[in-house]
Amino acid sequence: MVIREKGQLIVNKKVESGGNRYNALWKQTRNPMGNYSLLLVGLVTLLLQVWSGEASMQCKGFDPQSYTFSVPSLEVGHVLGRVHFDCIGQKNVTFEICDPRFKIYNDGTVSVKNLMSPESHASFLVTARNEDEEWDATVTVLINREKKNSGKVLIMQSPRSSGVSLRRKKREWIIPTINFPENERGKYPKFVIQIKSSRQKEIALQYFIIGPGADEPPRGLFTIKSDDGSISVHSPLDREQKDSYKLTAIAKDLEGVIVEQPVDITIKVIDQNDNRPEFTSSTFYGYIAEGATPGTSFMNVTATDKDQPDTANGIIRYSIVSQTPELPSSKMFTISSETGLISVQSGGLDRELVNKYTLTIRAADLEGNGMFTDANAIITVTDTNDNAPQFETKEVIVDVRENENDYDVTTLSITDKDAFNSPGWKANYSIVFGNERQQFAMETDLHNNGVLKLVKPLDYERSKHHRVIIEVRNQIPLTSTMPLSSATVVINVLDVNEAPIFDPETKRDIKPENLPVGSTVTSCSAKDPDNAQDQIVSYRMGSDPAKWFEIESDTGIIKLVKEMDRESPFVEDSKYTATILAYDNGSPSATGTGTLILQLEDVNDNPPIAIASTNLVCNHNPLPVNVTIMDKDIPPNTFPYIVQPTHGAESNWTIKPTENNEVVMLLLQKTVEPGQYEVPLKITDSGKPQLSQLTGLPIKVCDCHENGGCKDRIAGAAFGISGILAILGAILALLLLVLLLLLFVKRRRNVKKEPLLPEEDVRDNIYYYDEEGGGEEDQDYDLSQLHRGLDARPEVVRNDVAPLLLAPQYRPRPANPDEIGNFIDENLKTADNDPTAPPYDSLLVFDYEGGGSEAESLSSVNSSTNSDLDQDYDHLNNWGPRFKKLAEMYGGGEE
């Protein structure tokens, strides 16, 4: 009720909220000057109290000291109301309720904690304490079943003491927030508050409200009766959508003039427990290593509640409802009720026993006693290296042939209970005994098995048995100390026939290149490593590119069968390399190879020769010609050289040495007739004995232009001799060609033409050919007549006379029949490479073999002259066109 009395506005406000009823009195000075006077007086009084110590902040206690809450029922979690405790400056005050059926929060809210029997009322004492004092208030709860839809709470206040300070009075000038519960049941509209003006008795007034929920969205939620100022709500409120509404109340006269100062009204929506907690995910996933110790935290679950978080409606507590499977214990995990942090509670996590757990997690509001929601937490137990690999077989016996290399001896299998293909499952193998000579190695195959490999050959004669111990471990260390598994491999070495071994394997020797044929070059020796076998070692030549050597099969002595030549293409850097084979008589036979490197000492067996890259010399300004001397020998059988023009050339030419031992300069001393010359040079080396070679060096001498080119000679003179001869030669050649052509044409006309058979019948026909001579006696020619005139012309190459070259040495027939094949192959290659042999198209001369023959001539076979007459050849006419020619010859017709 609002009245005006002596310049003051008194608002009588009745609040019904959640079953609570408050009656409060507020005063607000209407006179502006009075406001300032009161404010000034209040400030002076406050300063005096502070200075005198009377204004210290103290707790005044419960205000009021008794409360009555009227509710329709006592359900667990239901909020009864709130008690008001007046305390300024001290915040360390705690509340307690002596009745265990109820619970009080720090803000003074009282709710039902445990299920109660249906009683008509209940009373209990609420105590507030700090470090020095305590205060009590009485609370009475009435169960009003007839008004179960109203849910009102009636609060009866005791009168305030007169000793209220200025600060307490100032708080009465502010209209407190009006609380209204959300989701209020019952018939709407519902009464919220009533306002009245003291001038209502004087004049007719109308009341209005403005703000969100009135004339602003959501419009029409709150209305006011214009005649009496009663404010009502028209539908249930939802705190989760909007937790408060701020309205402004206005009083006007009938003419619309505002007669009272507008009053702000705040309606706070009181939270009800109408929302279940919601997990942030329907399923949570976590991972924990096996063997984790109790107390290890590894995952967190989270839930939210749309209800007011600072009340019991929004306080969530977590718990584990079930665990699947319940191995090795039903309580392997625990959860923090406040934070949702999941930890290991019991030891014994073993991935090999259980690799996955499913927990049902519950989130409940009202500190675990209200509405709840369940979710799943799937926990995967990750692998650790808590199981050592174990060999399936502890000992293996194998047989290995000696001299094997890069050989897989055996494969060892293991088992490991840890996770497949993890570092705690993958194996590393090592040899801990029996590998002193580094003959073995361990590898891991794709199936995690260990492979024992042989990396160096075994020797039966050295050791017949080997014992190898192998140890296995994982790629990462074990989580605890435990013994490692090992396996033993016994290797029996099998004896095989081994090839003889040369000592030394490569033999080096030095011999002169002119060593006489038949001399002993060197000897080689090989030993059979098979001591237990009585075998004989024999020798034969392997690679001998120049075919110079022959070896005695039983002694290994190498002899020279052909002259050696250091300048041979088979010799490199004066070294000739051959291989010798040593073989035993085992079954099968084994062959070893030795190498002979023969250093050939040079002998002065090659005379020097001269060559020149330039062969043009000018008469009037002669430049020297650089002559290069070549010698296949090596020092000291080469330079210094003695070069001399001979056979009269010394009168026109002279030799001048240069700094290069292998180059001299040839100088023209005087002018000579232009033309082509061959300057004979005699070159002598410094070997012992010295060798000389006469070389004709072609030189062209001409009269030169200033640019160095030769001048042309007189055209008439030049053409008169050589030109005429050339023309006559061409004419004679043409006449000879015409004569040969005429003879050929005449001969073709005299040849009897025979008709050809059809093309398809050409095969197997008999053709006439011109007879070219008689029998063997016609070949008895005097071939010396063909050589007439050639002996006087040495510049003509005669194919019938072998050039004066060194004939190759053919290998004599060996005594050993097994060497016949090599003998034929080597002599065939020697004949192919023989530079003295004539080409295939040359004139060959055969020796006369004498007259008569024991087998007689085929022409001496007797035949009857009348034998043809006894034969009937008429049937040849019936054999077709292929035998037509024979039928004409022998068929009885005339020739």
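Anything mentioned here points back to the structure above.
Attention in this report is confined to the structure presented alongside it. (Residues numbered from 1 in each chain as written. Predicted model: local features only at pLDDT ≥ 70, side-chain atom pairs only at ≥ 80, totals over all residues. Heavy atoms only, no water.)

## Structural notes on the overall build of the chain
- Within the chain, the secondary structure is distributed over six helices and 54 strands.
- Classification of the 895 residues of the chain by burial places 34% in the buried group.
- When contacts within the chain are restricted to residue pairs at least 6 apart in sequence, those whose partners lie at least 24 apart make up 64%.
- Carbon and sulfur atoms make up 52% of the accessible area of the chain, which amounts to about 56,000 Å² in all. (Helix = DSSP H or I, 4+ residues; strand = E, 2+ residues; numbered from the N terminus. Buried < 20%, exposed > 50% of the residue type's maximum accessible area, 1.4 Å probe, protein only. Contact = heavy atoms within 4.5 Å. Areas by Shrake-Rupley, 256 points an atom, 1.4 Å probe, with all protein chains shown as cover.)

## Things to note about helix α5 (residues 820-832)
- The terminal C-alpha atoms of α5 lie 18 Å apart, and with 13 residues this matches the ideal 18 Å at 1.5 Å per residue to within 8%.
- When we look at burial in α5, the residues that qualify are Phe823, Glu826, Asn827 and Thr830. Considered in projection along α5, the buried side chains sweep an arc of 95° and stay on one side of the axis. In α5, the exposed residues that point more than 90 degrees away from the buried face are Leu828, Lys829 and Asp832. (Expected span 1.5 Å × (residues − 1). Arc of directions from axis to C-beta.)

## Considerations on the sheet that holds strand β19 (residues 263-270)
- Overall, mixed pairing links the four strands, which are arranged β13-β19-β18-β15 in an open sheet. Bordering the open sheet on either side are β13 (178-181) and β15 (205-210), each of which pairs with just one other strand. Direction aside, the axes of adjacent strands within the sheet are offset by 30° on average.
- Sheet topology places β13 next to β19; four bridges connect them, and they run parallel. By the bridge assignment for β19, isoleucine 178 is matched with isoleucine 267. (Pairing = 2+ DSSP bridges. Axes fitted to C-alpha atoms, helices over the stretch in contact; angles between N-to-C directions.)

## Overview of the packing of aromatic side chains
- This model, assessed by the stated rule, comprises twelve aromatic pairs.
- Their ring planes at 25° and their centres at 4.6 Å tell us that phenylalanine 102 and phenylalanine 124 sit as a pair that is stacked. Taken together, the residues phenylalanine 102 in strand β9 (residues 102-104) and phenylalanine 124 in strand β11 (residues 121-129) connect sequence positions 22 residues apart. In this structure, phenylalanine 102 and phenylalanine 124 share a single accessibility class: buried.
- Grouping aromatic residues by their ring pairs yields a cluster made of Phe279, Phe284 and Tyr318.
- The ring of tyrosine 188 has lysine 190 lying over it, and the distance from NZ or CZ to the ring centre is 5.3 Å.
- Directly above the ring of tyrosine 245 sits lysine 242, whose terminal nitrogen or CZ lies 5.5 Å from the centroid. (Phe/Tyr/Trp six-rings, centres within 6.5 Å; stacked < 30°, edge-to-face > 60°. Lys NZ or Arg CZ within 6 Å of the ring centre and 35° of its normal.)

## Regarding the pattern of salt bridges
- Scanning all chains against the criterion turns up 17 salt bridges.
- Glutamate 367 is the partner of lysine 103 in a salt bridge, and the nearest nitrogen-oxygen pair spans 2.1 Å. Highlighted residues: lysine 103 in strand β9 and glutamate 367 in helix α3 (residues 365-368), separated in sequence by 264 residues.
- For glutamate 367, a relative accessible area of 26% gives the class partly exposed.
- Residue glutamate 240 is joined to arginine 239 by a salt bridge in which the shortest nitrogen-to-oxygen separation is 3.3 Å.
- Judged by relative accessible area, glutamate 240 falls into the partly exposed class, the value being 26%.
- On the basis of relative accessibility, which here comes to 12%, the residue arginine 239 falls in the buried class. (Salt bridge = Lys/Arg side-chain N within 4 Å of Asp/Glu carboxyl O.)

## Examining empty space enclosed by the protein
- For the structure on display, the rule yields two cavities of 30 Å³ or more.
- What the second largest cavity holds in volume is close to 50 Å³.
- Forming the boundary of the second largest cavity are Lys547, Val561, Lys562, Gln809, Tyr810, Arg811, Glu826, Asn827 and Thr830.
- Per-class residue counts for the lining of the second largest cavity are two nonpolar, three polar and four charged. (1 Å grid on protein atoms, 1.4 Å probe; cavity = no way out; pocket = protein on both sides within 12 Å on 5 of 7 lines; lining within 4 Å. Points joined across faces, edges and corners; volume = space filled by probe spheres on them. Nonpolar A, V, L, I, M, F, W, Y, C, P; charged D, E, K, R; others polar.)

## Concerning the pairing of strand β30 (residues 395-401)
- The alternating pattern of β30 places Val396, Val398 and Val400 on a buried face and Glu395, Ile397, Asp399 and Arg401 on a face that is not buried.
- Of the pairings in the sheet, the one linking β30 to strand β37 (residues 486-494) comprises seven bridges and is parallel in character. If you follow isoleucine 397 over to β37, its bridge partner there is valine 490.

## With respect to the side chain of aspartate 271
- In this fold, aspartate 271 is placed in the loop between β19 and β20 (278-279).
- There is a polar contact of 3.1 Å between the side chain of aspartate 271 and the side chain of arginine 239.
- Within the local environment of aspartate 271, its side chain forms a polar contact with the backbone nitrogen of glutamine 308, the two atoms lying 3.0 Å apart. (Polar contact = N/O pair within 3.5 Å; in protein donor to acceptor, adjacent residues only side chain to side chain.)

## Some words on the state of the cysteines
- By the definition in use, this model includes two disulfides.
- There is a disulfide in this structure between cysteine 618 and cysteine 704, and the S-S distance comes to 1.9 Å. As the torsion about the S-S bond is roughly -95°, the cysteine 618-cysteine 704 disulfide counts as left-handed. Residue cysteine 618 is located in strand β48 (residues 616-618), and its partner cysteine 704 is located in the loop between β54 (692-702) and α4 (715-750); the two are separated by 86 residues in the primary sequence.
- Owing to a relative accessible area of 15%, cysteine 618 belongs among the buried residues under this scheme.
- Here cysteine 702 pairs with cysteine 710 through a disulfide, and the sulfurs are 1.9 Å apart. The sign of the -65° torsion about the S-S bond sets the cysteine 702-cysteine 710 disulfide as left-handed.
- Judged by relative accessible area, which is 27%, cysteine 710 ranks as partly exposed. (Disulfide = S-S within 2.5 Å.)

## Topic: unusual backbone geometry
- With an omega of 0°, the peptide bond between serine 587 and proline 588 qualifies as cis.
- Counting through the fold element by element, proline 588 comes out in the loop between β45 (575-583) and β46 (591-601).
- Geometrically, the link from lysine 688 to proline 689 is a cis peptide bond, its omega value of -5° lying close to zero.
- Note on placement: proline 689 falls in the loop between β53 (675-684) and β54.
- Positive phi outside glycine occurs at glutamate 367, with the angle close to 60°.
- The residue aspartate 406 is not glycine, and still its phi comes out positive at about 50°.
- Mapped onto the fold, aspartate 406 is located in the loop between β30 and β31 (407-412).

## A few points about the sheet that holds strand β35 (residues 450-454)
- Strand order in the open sheet made by the three strands is β31-β35-β34, with antiparallel pairing throughout. Two strands bound the open sheet, and with one partner strand each, they are β31 and β34 (440-444). Mean inter-strand twist for the sheet, computed between neighbouring axes without regard to direction, equals 25°.
- In this sheet, β35 lies alongside β34 in antiparallel orientation, the contact comprising five bridges. By the bridge assignment, glutamate 443 is partnered in β35 with valine 451.

## Description of a nonpolar patch on the surface
- There is a patch of nonpolar side chains on the surface, built from Ile724, Ile727, Leu728, Ile731, Leu732 and Leu735 and spanning about 580 Å² of accessible area.
- Its place among the elements puts leucine 728 in helix α4.
- For leucine 728, a relative accessible area of 46% corresponds to the partly exposed category. (Patch = residues over 30% accessible without salt bridge, like charges linked within 9 Å, V, L, I, M, F, W, Y side chains within 5 Å.)

## Here's the deal with the environment of glutamate 650
- By the secondary structure assignment, glutamate 650 is in the loop between β50 (642-645) and β51 (653-657).
- Ignoring anything within four residues of it in the chain, the contact list for glutamate 650 reads Pro645 and Gln669.

These values are about where atoms sit, not about what they do.
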